[in-house]
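Architecture at a glance
This is what each chain is made of:
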Amino acid sequence: MMSSLWAGHAGAQTPRRVTLGAENDWAPYSSDVQGQPQGLTVDLVRAAYAAVGIEARFELLPYARCMAQTRVGLLVGCFNTTRNALIEADHLWPAQAMFEERFAIYARADDAGPTGLGVRELEGQRVAVTRGYEYGAEFDANPRIQRVTTNHDESNFRLLLLQRARYTLCPEINARLLFQRQPELAGQFKRVGHLPYFGLYTAFSRSHPDAPAMLAAFNEGMRLIQASGQARQIQEQWRRRPDGGARPPRP
């Protein structure tokens, strides 16, 4: 049932359908599977809007383009993104993150360097990153890290094999799926550290006319599915899948 709080806020003019940008290449959170959006975040966003009587639809596109179109008002919103000072002013933000994740730091399996690395230990090192991605405030704001930019996580790992970068960053769940899809990469890398945990958000446009109402609806919908346990159930279902299993997020 739609909550009275949301019904009172929404008003009769609120659209009953919303189209958001969905990242097309970040399984298992959001990806293009035979032309359809699929992933943990896709299911969370769809459920949040359904809880307040709104049908969520998704336009699949690369992350950088998704965020750019949201920034200029061509899209109501986009996921998955982190919230940091570099993009804070460009978007409207939900009351809280959908869930938390962290990037693991990967090196070649034959790298003889230290383990237990964090952001500080990456200073002066060549780190392969994906164009347009945010990696958390501490990493993104550190100018002493030498970034080597590509368009895909897979390309980042291949740069390590070519010795054009020493490290790359990827959540463990994403790396495991990548190695399943590209078995020639399996066994060639090892985790040598982690970045701090960060929240994953749906960012909303400051210039799209529907964005304020859709942000309010999203906030209320997320509150409802978190209170009912549906949000946790969606996360656990995805993290138990053979193609996306990982330990649950921190409590």
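For the structure, check the block above.
These numbers were taken from a predicted model, which means no experiment stands behind them.

**Observations regarding helix H6 (residues 172-181)**
Here H6 has its buried residues at Ile173, Asn174, Ala175, Leu177, Leu178 and Phe179. Taken together, the buried residues of H6 touch strand S2 (25-26), strand S8 (99-101), strand S9 (104-108), helix H5 (153-161), strand S12 (167-170) and strand S13 (189-194).

**Observations concerning the packing of aromatic side chains**
According to the stated counting rule, one finds 17 aromatic pairs in the structure shown. Ring geometry for Phe58 against Phe79: centres 5.8 Å apart, planes inclined by 85°, an arrangement best described as edge-to-face. One end of the pair, Phe58, is in strand S5 (residues 55-61); the other, Phe79, is in strand S6 (residues 77-81), and 21 residues separate them in sequence. This pair shows no difference in class: Phe58 is buried, exactly as Phe79 is. Taking 5.9 Å as the distance between ring centres and 10° as the angle between the ring planes, the aromatic pair formed by Phe179 and Phe189 counts as stacked. Taken together, the residues Phe179 in helix H6 and Phe189 in strand S13 connect sequence positions 10 residues apart.

**Brief notes about the sheet that holds strand S4 (residues 36-38)**
A sheet is described by the order of its strands in space; here 3 strands give the open sequence S2-S3-S4, paired in antiparallel fashion. At either end of the open sheet lies a strand with only one pairing partner, and these are S2 and S4. Inspection of the sheet shows strand S3 (residues 30-33) paired to S4 by 3 bridges, in the antiparallel sense. Across the sheet, Asp32 pairs through a bridge with Pro37, a residue of S4.

**With respect to the sheet that holds strand S11 (residues 146-150)**
Pairing is mixed across the open sheet formed by 5 strands, whose spatial order is S11-S10-S12-S9-S13. Here the strands that pair on one side only, and so sit at the sheet edges, are S11 and S13. Between one strand axis and the next, the sheet turns by 35° as a mean value, whatever way the strands run. One ladder, built from 4 bridges, connects S9 with S12; its direction is antiparallel. Each residue of the ladder has a partner; that of Tyr106, found in S12, is Thr168.

**A few points about the pattern of salt bridges**
Inspection of the entire model under this criterion finds 13 salt bridges. In this structure, Glu172 engages Arg191 in a salt bridge whose closest nitrogen and oxygen atoms are separated by 3.6 Å. Of this pair, Glu172 sits in helix H6 while Arg191 sits in strand S13, and the two are 19 residues apart along the sequence. Residue class for Arg191 comes out partly exposed when judged on its relative accessible area of 48%. Linked through salt bridges whose partners overlap, the residues forming this network are Arg17, Glu55 and Arg57.

**Quick word on helix H8 (residues 230-240)**
Ala231, Ile234, Gln235, Trp238 and Arg239 are the residues of H8 that are buried. End-on view of H8: buried residues confined to an arc of 125°, all on one side of the axis. Here the buried face of H8 lies against S4, helix H2 (40-51), S8 and helix H7 (211-228).

**Considering the environment of Ala22**
Turning to its location among the elements, Ala22 is positioned in strand S1 (residues 17-23). Take Ala22: its relative accessible area is 0%, and that puts it in the buried class. Remark: the alpha-carbon pair of Ala22 and Glu59, spanning 37 residues in sequence, is separated by 5.7 Å. If near-sequence neighbours (up to four positions away) are discounted, Ala22 is found in contact with Ser30, Phe58, Glu59, Leu60, Leu61, Cys66 and Phe79.

**Points about the packing of H2 against H7**
At a minimum axis distance of 7 Å, the contact between H2 and H7 shows a crossing angle of 100°. With respect to their mutual orientation, H2 and H7 come out roughly perpendicular. Across the interface between the two elements, Leu44, Val45, Ala47, Ala48, Tyr49 and Ala51 from H2 touch Met214, Ala217, Phe218, Gly221, Met222, Leu224 and Ile225 from H7. Considering only residue class, the contact of H2 with H7 consists of 12 nonpolar, 1 polar and no charged.

Conventions we followed
One numbering rule holds for all chains: residues counted from 1, following each sequence as written. It should be noted that, the model being predicted, local features are given only for residues of pLDDT at least 70 and side-chain atom pairs only at 80 or more, the latter also being counted only at that level, while totals for whole chains, interfaces and linings use all residues. The side-chain values count all of the structure's non-hydrogen atoms but skip hydrogen atoms and water molecules. The buried label goes to any residue with under 20% of its type's maximum accessible area, the exposed label to any with over 50%, and the partly exposed label to all in between, with areas taken from a 1.4 Å probe on protein chains only. To qualify as a helix, a DSSP run of H or I must reach at least 4 residues; to qualify as a strand, a run of E must reach at least 2; elements of each kind are numbered from the N terminus. The criterion used for residue contact is that any of the two residues' heavy atoms lie within 4.5 Å. To pair, rings of Phe, Tyr and Trp, with the six-membered ring standing in for Trp, must have centres within 6.5 Å; the planes then decide the type, stacked if under 30 degrees apart, edge-to-face if over 60, and tilted in the middle. When DSSP finds two or more bridges between two strands, those strands count as paired. Simply put, an axis is a line fit to the C-alpha atoms, just over the touching stretch for a helix, and the angle between two N-to-C directions goes from 0 to 180 degrees. A pair is scored as a salt bridge if a Lys or Arg side-chain nitrogen falls within 4 Å of a carboxyl oxygen belonging to Asp or Glu. Throughout, the arc means the angular range of directions from the helix axis out to the C-beta atoms. By definition in this entry, angles of less than 35 degrees are roughly parallel, angles greater than 145 are roughly antiparallel, angles of 65 to 115 are roughly perpendicular, and the rest are oblique. Any residue that is not Ala, Val, Leu, Ile, Met, Phe, Trp, Tyr, Cys, Pro, Asp, Glu, Lys or Arg is counted as polar, Gly included; the first ten are nonpolar and the last four charged.

It is worth stressing that arrangement in space is one thing and function is another; only the former is reported here.
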